[in-house]
Amino acid sequence: MKSVEEILEYLSEKFPETEFEALQGDVGPARIKVPAPVIKDVAKFLRDDDRLLFNTLMCLSGLHYPKEEEMGVAYHIHSTKLGHSLALNVRVPEEKAEVPTVESIWKTADWHEREAYDMVGITFTGHPDLRRILCPYDWEGHPLRKDYEQQEFYRGVTTNE
Amino acid sequence: MNSLFLTNILNLPLLVHLALPLTIILVYALVAIWGERKVAGFIQDRLGPMRVGGWHGWAQSIADLLKLIQKEDIVPTNASRFLFKFAPFMMFAASYAAFAVIPFSSGYIGSNINIGVFYLLAVTSVLTLSIIMAAWASNNKWSLLGGMRSAAQMVSYEVPTIATVLTVIVVAGSLNLMTVTEMQSGNDILGFLPNWFIFQNPFLIVAFVIFFISILAESHRVPFDLPESESELVAGYQTEYSGMRWAMFMLAEYADMLLLSLLGAVLFFGGWNSPFGDFMGGPVWGFFWFMLKGLLLVFVMMWIRWTLPRYRVDQLMHICWSVLIPLSFINLVLVALWELIF
Amino acid sequence: MIELISDTGERREMTINMGPQHPSTHGVLRLELVLDGEIIKKVKPHIGYLHRCFEKYAEEMDDYAKVIPYTDRMDYVSAMNQEHGYVVAVERMLELEVPERVEHIRVIVAEMQRIASHLLGIGAFGLDLGAFTPFLYLFTEREKILDIFEKVSGARLLYNYMAVGGLMRDVHPEFKEDVADFVKTFRPKIKELDNLLSYNKIFINRTANIGVLPVEVALNYAASGPVLRGSGLKWDLRKDDPYSIYDRFEFDIPVGSGEVGTLGDCWDRYIVRVREMEQSLRIIEQALESMPDEGDVMEAIPKRIRMKEGEIYVRTESPRGELGYFIAGDNSASPFRVKARAPSFVHLSMLPAISRGSLIADMVAIIGSIDIVLGEVDR
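Residues numbered from 1 in each chain as written. Chains lettered and ligands numbered in written order. Predicted model: local features only at pLDDT ≥ 70, side-chain atom pairs only at ≥ 80, totals over all residues. Heavy atoms only, no water.

With respect to the nonpolar core
Within the largest apolar cluster, 171 residues are counted, with the highest numbers of intra-cluster contacts made by I32, L46 and Y75 of chain A together with Y270 and Y325 of chain C. Looking at this core, the element that brings in the most residues is helix α4 (residues 100-128) of chain C, giving 12 residues. Two domains share this core, each providing at least three of its residues, namely domain 1 (4-46) and domain 2 (54-377) of chain C. Core analysis: the next-biggest nonpolar cluster, separate from the first, contains 98 residues, F99, V180, Y254 and W306 of chain B among them. (Core = buried A, V, L, I, M, F, W, Y, C linked by side-chain atoms within 4.5 Å. Buried < 20%, exposed > 50% of the residue type's maximum accessible area, 1.4 Å probe, protein only. Helix = DSSP H or I, 4+ residues; strand = E, 2+ residues; numbered from the N terminus. Domains from an automatic or database assignment.)

Okay, here's the thing in structure tokens:
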């Protein structure tokens, strides 16, 4: 069982070249901000290290921050063996929203990443099957982006009543 | 020419032979479908149909039949039209034709031929053919899977069915179902038990159990209803059928159930013989007893249907080929030995 | 005509669509199956047929409380648990204290809903395997729960009963007696179910050693709830990450043991649900005993919710597993982002992994045993 601060310190020690940052909102526990290019290595380390053993990915959500012109991915991981949880955040610029996939680390990320791609349009590089999942395969746009505009017609059918 | 035609038309026995079993089957099917829903209802702690016709919804099947007749006759665009349309009638014809050799009472049998059992088993094999025909002609993958399952199942289970029927034939020494029935009259066993084959020979009880399991499979009843298992194959070979043609399938299935149950009644329970010797005997009572025995077996089939889950296709084959078939042949030998010794 | 054998005489595989209209896909799930005879070579699930834009709607709402009716519609067979998860998440974000009476009523209705949901899940599972009668027996019991819910909330399926910080209305005066009556009559029915279905030879034949899910695979796929417990891991969020007042109650966590087959097979997942219903009854009994008789259930409901900035992930134990709500607030009354992490969604994603090489009939058993609700998968 480790606190977020301890994990942050431990990570900085193991990845000396990478800059980690603790994000603290007004509510909720602190999150660790991880640079996008290393997320896969960090994830693998978090899963396999004997002192961390984060063996499950509880949730993976895609977000769109219009003010910062950024896309974000929130990872919530948990260790059933040691009983601690952690939230990771990844931020990438809107115009180049690419995040390496963690599908090979936690299988469950497969569908979660497809959903994030479908909903906010983040491309997960290296994902084996990055298709839309909830919307039809030929839908236009990504509905949960804050600048989303609904298409007027879908296959000749109006989408507004 | 003209006079010959007239004599044929006026040949009453022929008309009777045509109409009588048909009437019996039609009336039975209406009653049995209503009965099945009532039985299911009571088993499941509910009432079943209660509205149509007043008393316990007795007219429900008639109303359903009228509805089905009025429905549009839909043939899928890519289906093989002729085969698709023909299959349900062929299926019903097959089970109907088999009723010809069933001795309904001491006074009535459609055709008293001396190879009755042989004829019956041969004619019912056409059922498999019509099911495959329906499945293939529908041009639907679920239908096809259902048809394949059905073919495998019926071909396999015909072996234990025939083996157990053979067991009875060994005891009776005749293929004529009328003769088989007549051999079982009287109440001589232990002084009061009727001379039915099931009481005559302990190994015939085993034979009956195998026979009953096999006819469950032959008539596609739970736990062997794989060809039309609704939760796996949607409706199996009936998937594309609707309206009157679907009703024909239903009719054929219920007729098949009755046919095999009646065969069981003839082979093991003394056919039209009264259980009380001469008391309540005679052709009319004979018909009553015969139908009662058949319907009791049909009821047991329904009872099983609403109680058990369904087997898987490989388990079904396992039961047939490695349990029932060896058992039925060993049993055949044992019955023969028993007959030889006693 | 369907061609199974090519012109050159070699065997061909057949692609078949199971669903979206199929009796045993539990809704509008579509599976693309590649078959060799009846053996499944490949499974490709397609979802989204029931997508009703829950997350989009949640962002459009101008109040956190207005999302509650939409949570009902996700997992429509356990609406109370969905609401419970959402209100717990919002309360934790607001750091809101909830009155005792409210917590007790919430736990009681949530556990009743868990029983109702399991009854449906088990019944439908039996139905998938051709056992029609247990389904109706179980529905009779479910009906009694729904009757109580109707008295409590006015609705039978989608309740909109819980509110942030309280409840929409107080329970009816005879609530305690009604629930106690139900607990008393329901307990013997579980025995009956064991006799009729659980230990039925054919049922065991159909479910034992089918769809085996080893515990490591389950964790890698983040399985939870009865599916994970069926694989033998003692893991229940009511105990391992307690929310509401679950830490006060005494109950066991039933796990699969490979009693009739392999650990983690369909039967294990099934039996975990059956045993869980007994434990839910225990929780209900304890909660009934300690529930305060007086108290205003609406006093702690905030007039207007204004969320601070921050992200939170709160998970609760729904009948199907870990129901997580990820909520991001941005100093306004409207949610910035709400994501529901639905257990069915996660469980369905592992279907290809556990069903390869099985028969069509097994596929039906596996889908039934992971007990998915498509409303929750597609949201």
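Having seen it, we continue.
Focus: the interface of chain C and chain B
Taken together, the contact pairs 35 residues of chain C with 30 residues of chain B. For the pair chain C and chain B, the number of links is 2 salt bridges. Note that R312 of chain B is salt-bridged to D362 of chain C, the shortest N-O span being 3.0 Å. If you look at where chain C meets chain B, you find 9 residue pairs in polar contact (both at pLDDT 80 or more). Listed by contribution, the elements that provide at least two residues to the side of chain C that touches chain B are β1 (14-18), α4, α5 (133-153), α7 (201-207) and α14 (360-370) of chain C. For the side of chain C that touches chain B, the leading source of residues is β1 of chain C, giving 5 residues. Considered class by class, the residues forming the side of chain C that touches chain B number 22 nonpolar, 9 polar and 4 charged. (Contact = heavy atoms within 4.5 Å. Salt bridge = Lys/Arg side-chain N within 4 Å of Asp/Glu carboxyl O. Polar contact = N/O pair within 3.5 Å; in protein donor to acceptor, adjacent residues only side chain to side chain. Nonpolar A, V, L, I, M, F, W, Y, C, P; charged D, E, K, R; others polar.)

Remarks on a negative patch on the surface
Judged by side-chain charge, E5, E6, E9 and E13 of chain A come together as a negatively charged surface patch. Mapped onto the fold, E9 of chain A is located in helix α1 (residues 4-14). (Patch = residues over 30% accessible without salt bridge, like charges linked within 9 Å, V, L, I, M, F, W, Y side chains within 5 Å. Areas by Shrake-Rupley, 256 points an atom, 1.4 Å probe, with all protein chains shown as cover. Lys, Arg positive; Asp, Glu negative; His and termini not counted. Charge placed at Lys NZ, Arg CZ, Asp CG, Glu CD.)

Remarks on the packing of helix α10 (residues 202-218) of chain B against helix α13 (residues 282-305) of chain B
Helix-helix packing is characterised by the crossing angle of the two axes and by the distance between the axes. Residue and element names in this part refer to chain B. Two elements in contact, α10 and α13, have axes separated by 11 Å at closest approach and are oriented at 65 degrees. For α10 against α13, the interelement crossing comes out right-handed. Counted together, F208, F212, I215 and L216 of α10 and L297, V300, M301 and I304 of α13 form the full contact between these two elements. Class assignment for the residues of the contact of α10 with α13 results in 8 nonpolar, no polar and no charged. (Axes fitted to C-alpha atoms, helices over the stretch in contact; angles between N-to-C directions. Left-handed = near helix turned anticlockwise from the far one by under 90°.)

Points about the pairing of strand β3 (residues 56-65) of chain A
Residue and element names in this part refer to chain A. β3 sits mainly inside the fold: 10 of its 10 residues count as buried. Summarising the sheet, β3 and strand β4 (residues 70-78) pair through 9 bridges and their orientation is antiparallel. Across the sheet, residue L57 finds its bridge partner in β4, namely I77. (Pairing = 2+ DSSP bridges.)

Brief notes about the pattern of salt bridges
All names here are of chain C. What the rule picks out here adds up to 52 salt bridges over all chains. Across the salt bridge formed by D62 and K66, the nearest N and O atoms sit 2.9 Å from each other. For D62, a relative accessible area of 41% gives the class partly exposed. In this structure K66 comes out as partly exposed when scored by relative accessible area, which is 42%. The partner of D63 in a salt bridge is R304, and the shortest N-O contact between them spans 3.5 Å. In this pair, D63 sits in the loop between α1 (54-60) and α2 (68-72) while R304 sits in the loop between α11 (266-290) and β6 (310-318), placing the two residues 241 residues apart along the sequence. On the basis of relative accessibility, which here comes to 52%, the residue R304 falls in the exposed class. Via salt bridges that share partners, E111, R114, R229, D236, R238, E276 and E317 belong to a single interconnected network.

With respect to the environment of D26 of chain A
Here D26 of chain A lies in the loop between β1 (21-23) and β2 (31-33). Spatially, the C-alpha atoms of D26 of chain A and V120 of chain A are 25 Å apart, while their sequence positions differ by 94 residues. Look past the residues within four positions of D26 of chain A in its chain and what remains in contact with it is K308, E309, G310 and N331 of chain C.

Digging into the domain arrangement of chain C
Residues and elements named next belong to chain C. Under the domain assignment used here, chain C contains domain 1 (4-46) and domain 2 (54-377). The C-alpha centroid of domain 2 is placed 32 Å from the C-alpha centroid of domain 1. At the interface, 16 residues of domain 1 touch 17 residues of domain 2. Roughly 1400 Å² of surface becomes buried between domain 1 and domain 2 when both sides are summed, with 73% attributable to carbon and sulfur atoms. Seen at the junction of domain 1 and domain 2, the total is 0 salt bridges. Here domain 1 is connected to domain 2 by 3 residue pairs in polar contact (both at pLDDT 80 or more). Listed by contribution, the elements that provide at least two residues to the side of domain 1 that touches domain 2 are β2 (30-36) and β3 (39-46). Top element by residues in the side of domain 1 that touches domain 2 is β3. It accounts for 5 residues. Residue classes in the side of domain 1 that touches domain 2 are distributed as 10 nonpolar, 4 polar and 2 charged. (Buried area = accessible area lost by both parts, 1.4 Å probe.)

Considerations on a nonpolar patch on the surface
Residue and element names in this part refer to chain B. Together, W55, W58, I62, L65, L66, I69 and M244 make up a nonpolar patch on the protein surface, roughly 690 Å² of accessible area in all. If you tally residues by element for the nonpolar patch, the top one is helix α3 (residues 60-70), at 4 residues. By secondary structure assignment, the location of L65 is in helix α3. Since its relative accessible area comes to 33%, L65 is described here as partly exposed.

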